[in-house]
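Chain and residue survey
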Amino acid sequence: MNVSGEFTVNAPRERVFETIRDPRRFVSFVDGVHDLKELYPTHYEAMFETKIAYPRFNFGITVEVIRIEAPGEIEAKIEGVPLGIVGRLVAKSTTKLTDVGGATTVSYSVDSTLAGKLGIIGQPVLRAK
């Protein structure tokens, strides 16, 4: 499944990049992520809560920042294991920043896959949306 979109921030690209690159500040923009812990400067653990169809799922996730091209692009690999059900979440996230006058357009794309029992339950629902 791929989720993508974009929005514009009324700030210079360098400042937006600094905000997105700071994990504590970035997490405050992502619904459902909490308890962030830095393992290394490019590796993190967190809890992620989301709703797939009607049930809510909690994941223990790891995030590895695999590519940074300041001040324009950040790419990360995300892996998660749901609590209480057999399965796995694997995702790749790409965020691109583009100058638009004095503002910055933020484009994001998250390509994710659900596997195991979680995939059997959630993947058909996600595709139907």
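The text that follows walks through the structure, step by step, so that each part is easy to find. (Residues numbered from 1 in each chain as written. Predicted model: local features only at pLDDT ≥ 70, side-chain atom pairs only at ≥ 80, totals over all residues. Heavy atoms only, no water.)

Focus on the overall build of the chain
We apply this condition: The helix and strand labels rest on DSSP assignments: H or I over at least four residues marks a helix, E over at least two residues marks a strand, and numbering proceeds from the N terminus. Here's how the labels work: a residue is buried when its accessible area is under 20% of the maximum for its type, exposed when over 50%, partly exposed in between, all with a 1.4 Å probe on protein chains only. In this description, contact between two residues means that some pair of their heavy atoms is separated by no more than 4.5 Å. Surface exposure here means Shrake-Rupley accessible area, sampled with a 1.4 Å probe, where a residue is shielded only by the protein chains that are shown.
Helix and strand counts for the chain come out as three helices and seven strands. Helices and strands in the chain line up, N terminus first, as β-α-α-β-β-β-β-β-β-α. Burial statistics for the chain: of 129 residues in total, 34% are counted as buried. The contacts of the chain with a sequence gap of at least 6 include a subset with a gap of at least 24, amounting to 39%. When the accessible area of the chain is evaluated, it comes to approximately 7900 Å², of which 55% is carbon and sulfur surface.

Digging into the pairing of strand β4 (residues 56-69)
For a regular strand, side chains alternate in direction, first toward one face of the sheet and then toward the other. The condition is simple: Pairing between two strands requires that DSSP report at least two bridges joining them.
Bridge analysis of strand β3 (residues 43-51) against β4 gives nine bridges, and the strand direction is antiparallel. Bridge assignment links K51 to a residue of β4, and that residue is R56. Where β4 and strand β5 (residues 73-82) come together, ten bridges link them in antiparallel fashion. Pairing of V65 across the sheet is with A76, part of β5. Turn length for the β4-β5 hairpin, with the two strands adjacent in sequence and antiparallel, is three residues.

Description of the environment of A76
Inspection of the secondary structure assignment puts A76 in strand β5. On a C-alpha basis, the gap between A76 and K92 in space is 5.8 Å, while along the polypeptide they are 16 residues apart. Beyond its immediate chain neighbours, meaning those up to four positions away, A76 contacts V63, E64, V65, I66, A91, K92 and S93.

What about the pattern of salt bridges?
Stated formally: Basic side-chain nitrogens of Lys or Arg form a salt bridge, by our definition, when they fall within 4 Å of a carboxyl oxygen of Asp or Glu.
Taken as a whole, this structure holds eight salt bridges when the rule is applied. One salt bridge in this structure joins D99 and R13, with 3.7 Å as the shortest N-O distance. One end of the pair, D99, is in strand β6 (residues 88-100); the other, R13, is in helix α1 (residues 13-21), with 86 residues separating them in the sequence. Residue D99 is classed as partly exposed on the basis of its relative accessible area of 45%.

Quick notes on the nonpolar core
Here is the rule we go by: As used here, the term nonpolar core means buried Ala, Val, Leu, Ile, Met, Phe, Trp, Tyr and Cys residues forming a set that is joined through side-chain atoms within 4.5 Å.
One finds V16, I20, F59, I61 and L97 to be the most contacted residues of the largest nonpolar core, which totals 22 residues. Elements represented by at least two residues in this core include exactly α1, β2 (33-40), β3, β4, β5, β6 and β7 (103-115). In terms of residue count, β4 provides more of this core than any other element does, four residues in total.

In short, shape yes, function no, at least from these values alone.
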